[in-house]
Amino acid sequence: MITELEMGKAESELELGLGLSLGGGTAAKIGKPGGGGAWGERGRLLTAKDFPSVGSKRAADSASHAGASPPRSSQVVGWPPIGSHRMNSLAAKSAREEEEAGKKKVDDDEPKDVAKKVQVGFIKVNMDGVAIGRKVDLNAHSSYENLAQTLEDMFFRSKPGTIGLTGQFTKPLRLLDGSSEFVLTYEDKEGDWMLVGDVPWRMFTTSVKRLRVMKTSEANGLAARHQEPNERQRKQPV
Amino acid sequence: MASVSLLFVTLLSVTLYINIKSFILWDQSQTFLPSLSDSVLMDRRFPFKVLEHIFSFVDSNEDRNSVSLVCKSWFETERRTRKRVFVGNCYAVSPLKVARRFPKMRSLTLKGKPHFADYNLVPDGWGGYAWPWIEAMAARRPLLEEIRLKRMVVTDECLEKIAASFRDFKSLVLTSCEGFSTDGIAAIASTCRKLRNLELRECIVDDLGGDWLSYFPETSTSLVSLDFSCLDSEVKLSDLERLLSRSPNLKSLKLNRSVTLDVLESLLRRAPQLVELGTGSFSDELDPEEISKLTKALSELKQLKSLSGLWDLLPEYIPVLYSVCPRLTSLNLSYATVQMPDLIDLLSRCSKLQKLWVMDLIEDKGLKTVALCCKELRELRVFPSGADLDETDVTLTEQGLVSVSEGCQKLESVLYFCVQFTNAALVSIAKNRPNFRCFRLCVMEPFAPDYRTQQPLDEGFKAIVERCKDLRRLSVSGLLTDKAFEYIGVHAKKLRMLSIAFAGDSDLMLHHLLSGCESLKKLEIRDCPFGDTALLENAAKLETMRSLWMSSCFVSFGACKQLSQKMPRLNVEVIDEHPPKTRPDSSPVERIYIYRTVAGPRLDTPEFVWTIHKKPEVGVSRLAIR
């Protein structure tokens, strides 16, 4: 329920409804005759509906969003407006806290240390051909499908304020099964790049350092894993 | 053929003349060009020497700009006497013109990319290259002594050119610049024998190691300030110690994070005359003897007024700083991850503090202490401490800012990051502090209403602009309707810079601002729902402003074309991954950057920047990839 512009809507009639449902704000409708196709839905603003936690408790509203998590304010490019030096410093700080938390804890099943404000959940995602990366919160996802859906929404659906729009793909992508032009890969703590989907989700979240949406043609070296499902079964983590 | 070229030459000269004329008549809509006899008369009454002497007392460039518009003779005298030149947008005028206009130029300040580049909204490769300027100055103004650049792309070639071309070069200050490596810095350090200031503020540097520090001349240096806080790699302690020992004039030293706490004492011993100190990391383990030595070294800094750095400051080291607190006028704790009780400990001793930068770890309670103890406070900045901004368990609310506005009578500049806010708080703040000149509130949750009343924050910001008559800079946030901008248009008559995100309902928002804010020079907007009408209706206003940035709004490509055609003295840049020419005119564009210029169209635009002067492109453009 992220966009009011349903794909199925008549392409000749595009209505960008800005329903500000909170604070008694006026709902202004701006009707714009669309050019058609992918261009028609570009430039859609983020509206209050995209931030469901506004005005209410700060709980992640995962129940009503099948699969994809709503864009949290820290996932929007350039928001909040903190200079990159400071951002890097904050990220480095939480990475260090994460390391210390990791060292102190014996049992590292839980990726998140609730006592500290640790940023374990957020990792960077880059896509081939897109200059600016995004961040995604692993803790807001429960499975690979979930994560793939969010990434597809991030990079392949229109979202303003990002440069990562390709805008050309209007059918759902299959990032996980190797059938589309892109595959999802990740770098683990040892620095190796692997295809996403091989290990159980929990193990994945503890070992992933960052994600990359790579062109299938470039993922040749990793393709071997994909073609040997038997071996994948056998490689269960200890 | 000959008549065509003659026509072309004539047209060119006419265009050049018009350009020069507009360059002269930059800021004002009135023109005053008296006849020749008038200026001769002026000369008889006020010979050049007298005028020159009078103008030597006019420092501010705004005043000088006004002076230069009075008449030709004053224009000439002023331009021959201006030493410090400021160009707010490097694409507004050509380097050649500036070099020629100001023969006595000794200091040049330039700004490049739009402000929102700080938040990654401007793609890499957009522009802002320093090279054309440095090349022009090197050829024509070899006596240039100071170059200050902000948000520009500076390469090692630029730095080497500076080092090689300006024999009296004294001061290099780079803020938020990128594109150079430590090799370029080494060139400056080794060649500029009269160097006084070398400051790298928040730059992105290709850090090849700490060797650059050893390139300063072996004999005593003339260094007055050195800031390498943004560099990553370690410098050799011995290099630094020796440099300090042979720099008796050094007043400001800002170390980088890799300078560890255990060596700080030895450095300070060699520079007791410091007025500004930026420490390195403040978290390494010291034994009691080292602690006591460091405490003593800090207490010896009798002139110290400004303290920064303090990365990861540990609570047990706070007493070490006690001795400098009473003298401090500026304290930057925005990298010090110290919690509230320890912050109170520190701040309660800083009674002379005028400028405080701190993280939200200070909480409301800490700000109450500031309100009680720091009565001289003029500037406050509170930054968020958590990278995960949606979940914070820090109790910093609007109350903190209200307390400070109550207690600190001299407070005039605020930057405050807070999760949510209320109208009542804004009204109190406005009542308490009508002397605000800069008010930047960042409610981090987009579209957050007043959390008590669920109303938009319109009334709160109305109070701010109504009461703070001297407001020069404003950033708004939270849930805002068009009404808020109507208030701003009506009241904020001295406002020069306005930043808006996720606000407003319609075109009215932009219309109110462009038609109401008389002094508006810079407007930056992201993710707001306005379209073409307001922009086109208020096109003339844009020539009175330095620049307008809009991203993720509803401005169509057709409107951009229209605007470009209507206003030849504006550069209208569409910054969009997909070349707009392949799209219908009604489709909205991703980003627009509009600025007035007498330099004509840019010649260095990358693929993803479209201007009306560009030839049609073939194929899909790709963003520059790093």
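Basis of the calculations
- Residues numbered from 1 in each chain as written.
- Chains lettered and ligands numbered in written order.
- Predicted model: local features only at pLDDT ≥ 70, side-chain atom pairs only at ≥ 80, totals over all residues.
- Heavy atoms only, no water.
- Helix = DSSP H or I, 4+ residues; strand = E, 2+ residues; numbered from the N terminus.
- Buried < 20%, exposed > 50% of the residue type's maximum accessible area, 1.4 Å probe, protein only.
- Contact = heavy atoms within 4.5 Å.
- Areas by Shrake-Rupley, 256 points an atom, 1.4 Å probe, with all protein chains shown as cover.
- pLDDT = per-residue confidence, 0-100.
- Right-handed = clockwise from strand over helix to strand, strands pointing away.
- Pairing = 2+ DSSP bridges.
- Phe/Tyr/Trp six-rings, centres within 6.5 Å; stacked < 30°, edge-to-face > 60°.
- Polar contact = N/O pair within 3.5 Å; in protein donor to acceptor, adjacent residues only side chain to side chain.
- Expected span 1.5 Å × (residues − 1).
- Arc of directions from axis to C-beta.
- Patch = residues over 30% accessible without salt bridge, like charges linked within 9 Å, V, L, I, M, F, W, Y side chains within 5 Å.
- Salt bridge = Lys/Arg side-chain N within 4 Å of Asp/Glu carboxyl O.
- Lys, Arg positive; Asp, Glu negative; His and termini not counted.
- Charge placed at Lys NZ, Arg CZ, Asp CG, Glu CD.
- Axes fitted to C-alpha atoms, helices over the stretch in contact; angles between N-to-C directions.
- Parallel < 35°, antiparallel > 145°, perpendicular 65-115°, else oblique.
- Left-handed = near helix turned anticlockwise from the far one by under 90°.
- Nonpolar A, V, L, I, M, F, W, Y, C, P; charged D, E, K, R; others polar.
- Core = buried A, V, L, I, M, F, W, Y, C linked by side-chain atoms within 4.5 Å.

Participant: Give me the overall build of chain A: which residues, what numbers.
Facilitator: Along its length, chain A carries six helices and seven strands. In chain A, the succession of helices and strands from N to C terminus is β-β-α-α-β-β-α-β-β-α-β-α-α. Within chain A, the fraction of its 238 residues that count as buried is 47%. Considering only contacts within chain A whose residues lie at least 6 apart along the sequence, 52% involve residues at least 24 apart. Just so you have it, chain A exposes about 11900 Å², and 52% of that area is on carbon and sulfur atoms.

Participant: Explain the overall build of chain B residue by residue, including any values.
Facilitator: Counting its secondary structure elements, chain B contains 22 helices and 23 strands. The burial tally for chain B puts 58% of its 626 residues in the buried class. Considering only residue pairs separated by 6 or more positions, chain B has 71% of its internal contacts joining residues 24 or more positions apart. For chain B, the exposed area adds up to about 25400 Å²; of that, 54% sits on carbon and sulfur atoms.

Participant: Can you lay out the confidence of the model for chain B for me, pointing to particular residues and giving the numbers?
Facilitator: Residues and elements named next belong to chain B. When the pLDDT values of chain B are averaged, the result is 90; 89% of them are 70 or greater. Within the model, pLDDT remains below 50 along residues 26–35, and this stretch shows 13 contacts once partners closer than five positions in the same chain are excluded. The low-confidence segment residues 616–626 (pLDDT under 50) makes 22 contacts with residues lying over four places distant or belonging to another chain. Confidence estimates for the predicted assembly give a pTM of 0.74 and an ipTM of 0.81.

Participant: Explain the pairing of strand β19 (residues 522–526) of chain B to me, and be specific about the residues and the numbers.
Facilitator: Looking down a regular strand, the side chains alternate between one sheet face and the other. Residues and elements named next belong to chain B. The element β19 is largely enclosed, with a buried count of four among its five residues. Tracing the backbone out of strand β18 (residues 497–501), into helix α19 (residues 507–516) and back to the parallel element β19 gives a crossover that is right-handed. Two strands pair when backbone bridges link them, and β19 and strand β20 (residues 547–551) are joined in this way by five bridges, in the parallel orientation. Residue pairing for β20: Glu 524 is matched across the bridge by Trp 549.

Participant: Describe unusual backbone geometry, listing the residues and the values that go with them.
Facilitator: Look at the link from Trp79(A) to Pro80(A): it is a cis peptide, with omega at -5°. With respect to the helices, strands and loops of the structure, Pro80(A) is situated in the loop between α1 (37–40) and α2 (84–104). We note that Asn120(B) has phi near 65°; this positive angle belongs to a residue other than glycine. Despite not being glycine, Glu202(B) shows a phi value in the positive range, around 55°. Looking at the element boundaries, Glu202(B) is found in the loop between β6 (197–201) and β7 (204–206).

Participant: Break down the packing of aromatic side chains for me, citing the residues and quoting the values.
Facilitator: All names here are of chain B. Scanning the entire structure with this criterion turns up 23 aromatic pairs over all chains. Between Phe 282 and Tyr 317, the ring centres sit 6.3 Å apart and the planes meet at 70°, which makes this aromatic pair edge-to-face. Linking Phe 282 in the loop between β10 (276–278) and α12 (288–299) with Tyr 317 in the loop between β11 (306–308) and β12 (330–332), this pair joins segments that are 35 residues apart in sequence. Ring centres of Tyr 593 and Tyr 595 lie 5.2 Å apart, and the angle between their planes is 45°; on these two criteria the pair is classed as tilted.

Participant: Could you give an account of the side chain of Thr205(A), with specific residues and numbers?
Facilitator: Residue and element names in this part refer to chain A. Within the element layout of this structure, Thr 205 appears in helix α4 (residues 201–207). When its relative accessible area of 11% is taken as the criterion, Thr 205 is described as buried. At 2.8 Å, the side chain of Thr 205 forms a polar contact with the backbone oxygen of Arg 202.

Participant: Could you give me a rundown of α12(B), with the residues and numbers involved?
Facilitator: All names here are of chain B. When the terminal C-alpha atoms of α12 are compared, their 17 Å separation across twelve residues agrees well with the 16 Å that a helix rising 1.5 Å per residue should span. The complete set of buried residues in α12 reads Leu 294, Ala 297 and Leu 298. In an axial view of α12, the angular spread of the buried residues amounts to 95°, which keeps them on one side of the axis. Residues of α12 that are exposed and point over 90 degrees away from its buried face: Pro 288, Glu 289 and Lys 296.

Participant: Summarise the environment of Leu159(B); cite the residues concerned and give the values.
Facilitator: Residue and element names in this part refer to chain B. In this fold, Leu 159 is placed in helix α8 (residues 156–165). Accessibility expressed as a relative area gives 1% for Leu 159, which makes it buried. Apart from the residues within four sequence positions on either side, Leu 159 is in contact with Val 154, Leu 172, Leu 174, Phe 180, Gly 184, Ile 185 and Ile 188.

Participant: Could you give an account of the pairing of strand β1 (residues 84–87) of chain B, naming the residues involved and the relevant values?
Facilitator: Residue and element names in this part refer to chain B. Side-chain alternation along β1 places Val 85 and Val 87 on a buried face and Arg 84 and Phe 86 on a face that remains uncovered. Relative to strand β2 (residues 107–111), β1 runs parallel, the two sharing four bridges. For Val 85, the partnering residue across the bridge sits in β2 and is Leu 108. In terms of handedness, the path from β1 via helix α6 (residues 95–101) over to β2 forms a crossover that is right-handed.

Participant: Give me the lowdown on helix α11 (residues 261–269) of chain B, citing residues and values where you can.
Facilitator: Helical periodicity: at 3.6 residues per turn, an α-helix aligns residues three or four positions apart in one direction. All names here are of chain B. Of all nine residues in α11, seven are buried, a share of seventy percent or more. Within the sequence span of α11, burial applies to Leu 261, Val 263, Leu 264, Glu 265, Ser 266, Leu 267 and Leu 268. Those residues of α11 that are buried lie in contact with α10 (237–245), β10 and α12.

Participant: Outline the confidence of the model for chain A, listing residues and values.
Facilitator: Residue and element names in this part refer to chain A. On average, chain A scores 59 in pLDDT, and the residues at 70 or more come to 42%. Every residue in residues 1–44 is under pLDDT 50, and counting partners more than four places away or in other chains gives 85 contacts. This stretch, residues 158–171, has a pLDDT under 50; its non-local contacts, to residues over four places away or in other chains, come to 46 contacts.

Participant: Describe a negative patch on the surface, listing the residues and the values that go with them.
Facilitator: Residue and element names in this part refer to chain B. On the surface, Glu 157, Glu 160, Asp 183 and Asp 206 cluster together into a negatively charged patch. With respect to the element layout, Asp 206 can be found in strand β7. Exposure remark for Asp 206: the relative accessible area of 46% places this residue in the partly exposed category.

Participant: So what about the pattern of salt bridges? Which residues, and what values?
Facilitator: Applying the stated criterion across every chain, the model contains 36 salt bridges over all chains. For Lys561(B), the salt bridge goes to Asp585(B), with nearest N and O atoms at 3.1 Å. With Lys561(B) in helix α22 (residues 557–566) and Asp585(B) in the loop between β21 (570–575) and β22 (591–596), this residue pair connects regions lying 24 residues apart in the sequence. Asp585(B) gets classed as partly exposed once you look at its relative accessible area, which sits at 38%. Via salt bridges that share partners, Glu187(A), Lys209(A) and Arg210(A) belong to a single interconnected network.

Participant: Quick rundown of the environment of Pro568(B)? Include the residues and the values.
Facilitator: All names here are of chain B. In this fold, Pro 568 is placed in the loop between α22 and β21. The exposure class of Pro 568 is exposed, given its relative accessible area of 68%. Sequence separation of Pro 568 and His 512 is 56 residues, and the distance between their C-alpha atoms is 24 Å.

Participant: Tell me about the packing of α11(B) against α12(B), residues and numbers included.
Facilitator: Residue and element names in this part refer to chain B. Contact pair α11 / α12: the axes reach a minimum separation of 9 Å and the direction vectors enclose 40°. When the axis of α11 is compared with that of α12, the two are oblique. In the crossing of α11 with α12, the sense of the turn from one axis to the other is left-handed. On the side of α11, the interface is formed by Leu 261, Asp 262, Leu 264, Glu 265 and Leu 268, while α12 contributes Glu 290, Lys 293, Leu 294, Ala 297 and Leu 298. Among the residues making up the contact of α11 with α12, the classes are represented as six nonpolar, no polar and four charged.

Participant: Hey, could you go over the nonpolar core for me, with residue numbers and the actual values?
Facilitator: If you look at the biggest cluster of nonpolar residues, it comprises 187 residues, and the most contacted ones within it are Leu333(B), Phe421(B), Phe439(B), Ile488(B), Ile500(B) and Leu523(B). Per element, the largest residue contribution to this core is five residues, and it comes from α11(B). Not counting the four nearest positions on each side in its chain, Ile488(B) is found in contact with Val465(B), Leu474(B), Val476(B), Leu495(B), Leu498(B), Leu513(B) and Cys517(B). Core analysis: the next-biggest nonpolar cluster, separate from the first, contains 23 residues, Tyr144(A), Met154(A), Val196(A) and Trp201(A) among them.

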